[in-house]
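Fold and geometry: a report
Next come the chains, spelled out residue by residue.
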Number of protein chains: 2
Amino acid sequence: MPETDLFFDDADSTREQIIEATFHALCEHGYSNLTLEKIGEEFEKSTSLIYHHYDGKDELLADLLEYLLETFEAEIPIRNEDPATQIHTVIDASFDPNEPAAGFDRALLELRTQSSHNDAFCDLFERTDALMRERLAQIIRAGIENGSFKEVDPNQAAALLHVTLLGAHASLCTNAGDMMAAARDELHRFVDEHLVR
Amino acid sequence: MPETDLFFDDADSTREQIIEATFHALCEHGYSNLTLEKIGEEFEKSTSLIYHHYDGKDELLADLLEYLLETFEAEIPIRNEDPATQIHTVIDASFDPNEPAAGFDRALLELRTQSSHNDAFCDLFERTDALMRERLAQIIRAGIENGSFKEVDPNQAAALLHVTLLGAHASLCTNAGDMMAAARDELHRFVDEHLVR
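Below or above, wherever it landed, is the structure these notes cover. Fair warning: this is a prediction, and the values are worked out from it, not measured in the lab.

**Some words on the pattern of salt bridges**
Applying the stated criterion across every chain, the model contains 18 salt bridges over all chains. Residues A:R15 and A:D63 are paired through a salt bridge, measuring 3.1 Å at the closest nitrogen-oxygen approach. Separated by 48 residues along the polypeptide, A:R15 in helix α1 (residues 14–29) and A:D63 in helix α4 (residues 57–74) bring together distant segments of the chain. A salt bridge links B:D129 to B:R112; its shortest N-O distance comes to 2.9 Å. With a gap of 17 residues between them, B:D129 in helix α7 (residues 119–145) and B:R112 in helix α6 (residues 102–112) connect regions that are remote in the sequence. Bridged by salt links that share partners, the residues A:R15, A:D63 and A:E70 form one connected network.

Put into structure tokens, the structure is as follows:
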């Protein structure tokens, strides 16, 4: 399932162009079927440039994960929406099988399953997870501070939300639209009854 | 991470012995590194028997998934525990990184990520998910009927629980013990406040 340009509209350096090609090839072929040749097919310049910069697909994929983490770290969180709306927006995006990022979320999950065999992947996913959890906890803390959320444990609530969003990515692997819609509606209800005052 | 005997203590037919070998090899090597040779190393009889019965690892893995589904279908659900205890027990088992089944849950998730490239895997995961969801909904319905649970939508609550358990499997891929413990505690709290009367 090829993706439209998702993160790399303005790729200009060779590294960014190789990473963009890797991103497209990963979404289309998945991890286990991915080869440097298939990445080369998505790359506008000579494939030999890829071999010049990277030893193999795992090194390239680790660089893609690193790049995504850097981008995620640099992102400024939305501040002008109220905390409940921010949480509901994150849930809707993660539970939508038609979201442009769905193919990529699925491919990322496949990479995540390689973590027990690949220390670089494991480290990058742990850092990304910690960042994601901290962002969610920040939103929940803001809700508690402005009085719109109950006095829950922000880290604990963020951990459960994050695990549930990972479960949504796992659900994207099959044709589970009905299950995802039901789970999403229940999660919205959970947020409204359990988090929001 | 090799597993102890988990499902196949009494494997006696050749099919069951091959499936048991596949199970152990999958837990140890994961999907992308799995080969029929590695399965053969876990098999007591001649590897040529595996080649005689199966064309490749995907066919064998589909048979493993089919076998697990049959076993799951034949299992009689626990009836002598109250519904809340049953739900809490399922949560504790899924969120425990030291559970003997954790390595297998991780390997199953890797197989799940192959579903978009493999129709047999996709079909088997969809049938297993439907069964799991129905079991969870049955427990929730029993709780509503005996008055211990609130009048929630059993299918919707089961869908969210199931997605969250898939997220727990995804969390098992990295060293996320702290996050899993926090998410597990919050999920228990959710069940006690949101489901149980």
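Now that the structure has been shown, we can carry on.
**Thoughts on a negative patch on the surface**
Residue and element names in this part refer to chain A. Residues E28, E37, E41 and E42 make up a contiguous surface patch of negative charge. Tracing the sequence through the fold places E42 in the loop between α2 (36–41) and α3 (47–53). The class of E42 is partly exposed, set by a relative accessible area of 31%.

**Remarks on the interface of chain B and chain A**
Residue-level contacts link 47 residues of chain B with 47 residues of chain A. With both chains or domains summed, chain B and chain A bury close to 3,800 Å², and 65% of this area falls on carbon and sulfur atoms. Across the contact surface, chain B and chain A share 0 salt bridges. Counting the contacts that link chain B with chain A gives 14 residue pairs in polar contact (both at pLDDT 80 or more). Put simply, the parts of the chain that give the side of chain B that touches chain A at least two residues each are α1 (14–29), α6, α7, α8 (154–171) and α9 (177–195) of chain B. Counting residues per element, the side of chain B that touches chain A draws most heavily on α8(B), which supplies 12 residues.

**Concerning the environment of A:N155**
Residue and element names in this part refer to chain A. Counting through the fold element by element, N155 comes out in helix α8 (residues 154–171). Classification of N155 by relative accessible area gives partly exposed; the value is 46%. The spatial distance from the C-alpha of N155 to the C-alpha of T89 is 19 Å, given a sequence separation of 66 residues. Beyond its immediate sequence surroundings of up to four residues, N155 is in contact with A137 and R141.

Thresholds applied
Within every chain, residues take consecutive numbers counted from 1 along the sequence as written. All chains are assigned letters beginning at A, and all ligands numbers beginning at 1, according to the order in which they are written. In view of the model being predicted, local features appear only for residues whose pLDDT reaches at least 70, and side-chain atom pairs are presented and counted only at 80 or more, with totals across whole chains, interfaces and linings using the full set of residues. Water and hydrogen atoms were dropped before computing side-chain values, which therefore reflect all heavy atoms in the structure. By definition, a salt bridge exists where a carboxyl oxygen of Asp or Glu is found within 4 Å of a side-chain nitrogen of Lys or Arg. Each helix is a run of DSSP H or I of at least 4 residues and each strand a run of E of at least 2, with the numbering of both proceeding from the N terminus. By definition, no residue in a patch forms a salt bridge, and every one has over 30% relative accessible area; like charges are joined within 9 Å, nonpolar side chains (Val, Leu, Ile, Met, Phe, Trp, Tyr) within 5 Å. Working definition of accessibility: Shrake-Rupley area with a 1.4 Å probe, residue cover restricted to the visible protein chains. We treat Lys and Arg as the positive residues and Asp and Glu as the negative residues; His and chain ends play no part in the count. Note on charges: their place is set at NZ of Lys, CZ of Arg, CG of Asp or CD of Glu. Per-residue accessibility, obtained with a 1.4 Å probe over protein chains only, is compared with the maximum for each type, and a residue is labelled buried under 20%, exposed over 50%, and partly exposed between these values. Working rule for contacts: check all heavy atoms of both residues, and any pair within 4.5 Å makes them a contact. A simple way to read buried area is as the amount of 1.4 Å-probe accessible surface that goes missing from two parts once joined, with both sides added. Whenever two N or O atoms come within 3.5 Å, that pair is a polar contact, provided that in protein one can donate a hydrogen and the other can accept it, and provided that, for residues adjacent in sequence, both atoms are side-chain atoms.

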